[in-house]
Amino acid sequence: TELSLIPFPTEELFERELGSFDLVILQNFNYGPYGIGIYLPHLRRYVLQGGGLAMLGGDLSFSSGGYAGTPVGQVLPVSLYPRGPADVLIDEADFRPRITAAGRRHPILQLGRDAVETTKLLARLPTFAGVNRVRGLAPGATALLEHPSLDGEQGGKMPVLATREVGKGRTLALTSDSLWHWAFESLGEPGGSRRVYDRFWQATLRWLIRDPELKYLRVLPERERVRLGREVRVTVRAMKADYKPAAGISVAWEIESLTGSKRPALRGEGRTDARGELRLSFTPKVAGPYRVRARARLGGRQS
């Protein structure tokens, strides 16, 4: 049978269409043999302009894939070693990652009903088979899972799962290529570990593409509907990049009617309490929908 080979559309993807993607995943991928090194600056710019980028481990990833010192390496959540011997850059021993304090709060690792159940689930899941060695966290990054025995150069244990806000975008690094073990081995109940695996990826993708429900600043009405003339209560909740409560943060707020009323919008400013919350209330005088907006500077960024 005749076979027609066409070149991979690298120019179209990386120069014209990259901005149309919500997320790019580099899964155990070495860019060198494919002649796309010239497009790595495009990936960096894509992240800085708001895109999501995830790199997963393997013998062709991170330092082993030659990403140290590249534009892609500059936006990852982990600091990379220069390229060197494989036995230096990869540890092949099985291990069970440990969840960090930030990991217990982060939406990516909300695998159980609460932090206690999540910790128990992680302790029962299949182990990872090997890990890419990294120096430690990049500036501004957060470790969610760490290695139980390997140390990072910056002190503490080496990160295994890490996240980072870069420019307007987000990046994630998972330094093992054996997460798929979770999808094929059971926790002793039908679909047990597979359910956790699916939940992990759903949460990961939602965080990387900035799902509105995972924003650092959220406006939460006590009720979606109230009778005219009754008080409406609203909570503004602010969180840091590691999802700790952002206490003492100045929040500007605005409440306006969307019915075409000429009534001026209510505006004000307040500070969040120890739980990272600011509570507002108002009594609508006109029937119809209302919009509540809040703005705050969190982690050096306007939210």
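Residues numbered from 1 in each chain as written. Predicted model: local features only at pLDDT ≥ 70, side-chain atom pairs only at ≥ 80, totals over all residues. Heavy atoms only, no water.

Moving residue by residue along a regular strand, the side chains alternate between the two faces of the sheet. Among the six residues in strand 10 (residues 169-174), six count as buried, and that is most of the element. The alternating pattern of strand 10 places Gly169, Thr171 and Ala173 on one face and Arg170, Leu172 and Leu174 on the opposite face, and all of these are buried. Note: strand 2 (residues 52-56) against strand 10, five bridges, orientation parallel. What sits directly across from Leu56, in strand 10, is Leu174. As consecutive antiparallel partners, strand 9 (residues 157-166) and strand 10 are separated by two residues, and within that stretch Gly167 has a phi angle of approximately 60°, a positive value. (Buried < 20%, exposed > 50% of the residue type's maximum accessible area, 1.4 Å probe, protein only. Helix = DSSP H or I, 4+ residues; strand = E, 2+ residues; numbered from the N terminus. Pairing = 2+ DSSP bridges.)

This part takes up the confidence of the model for the chain. Averaged over every residue, the pLDDT of the chain is 89; residues scoring 70 or more account for 95%. Per-element mean pLDDT across the chain ranges from 77 in helix 4 (residues 86-89) up to 98 in strand 2. (pLDDT = per-residue confidence, 0-100.)

On to the pairing of strand 9. The buried fraction of strand 9 amounts to nine of the ten residues, a majority that puts the element mostly inside the structure. As defined by bridge partners, strand 8 (residues 141-151) adjoins strand 9 across six bridges and the pair is classed as antiparallel. Bridge pairing in strand 9 places Ala143 opposite Ala162. Here strand 8 folds back onto strand 9 in antiparallel fashion, the turn holding five residues, of which Gly155 has a positive phi close to 95°.

Moving on, we come to the pattern of salt bridges. Scanning the entire structure with this criterion turns up 19 salt bridges. In this structure, the salt-bridge partner of Glu254 is Arg293, at a minimum N-O distance of 3.9 Å. Residue Glu254 is found in strand 13 (residues 250-257), and its partner Arg293 is found in strand 16 (residues 290-298); the two are separated by 39 residues along the sequence. Judged by its relative accessible area of 12%, Glu254 falls in the buried class. Three or more residues joined by partner-sharing salt bridges are found here, namely Arg237, Asp273, Arg275, Glu277 and Arg279. (Salt bridge = Lys/Arg side-chain N within 4 Å of Asp/Glu carboxyl O.)

Bringing the sheet that holds strand 16 into the picture now. Taken in spatial order, the four strands of this open sheet run 14-13-16-17, and their pairing is antiparallel. What marks the edges here is a single partner per strand, and that holds for strand 14 (266-271) and strand 17 (301-302). Examined bridge by bridge, strand 16 and strand 17 share two bridges and lie antiparallel to one another. What sits directly across from Arg297, in strand 17, is Gln302.

Moving on: the nonpolar core. Ranked by internal contacts, the top residues of the largest apolar core, which has 73 residues, are Val72, Ile108, Leu109, Leu161, Leu179, Trp182 and Phe200. A per-element tally of this core places helix 8 (residues 192-208) first, with six residues. The contact partners of Val72, leaving out residues within four places of it in the chain, are Leu26, Leu40, Leu43, Leu53, Met55 and Tyr67. (Core = buried A, V, L, I, M, F, W, Y, C linked by side-chain atoms within 4.5 Å. Contact = heavy atoms within 4.5 Å.)

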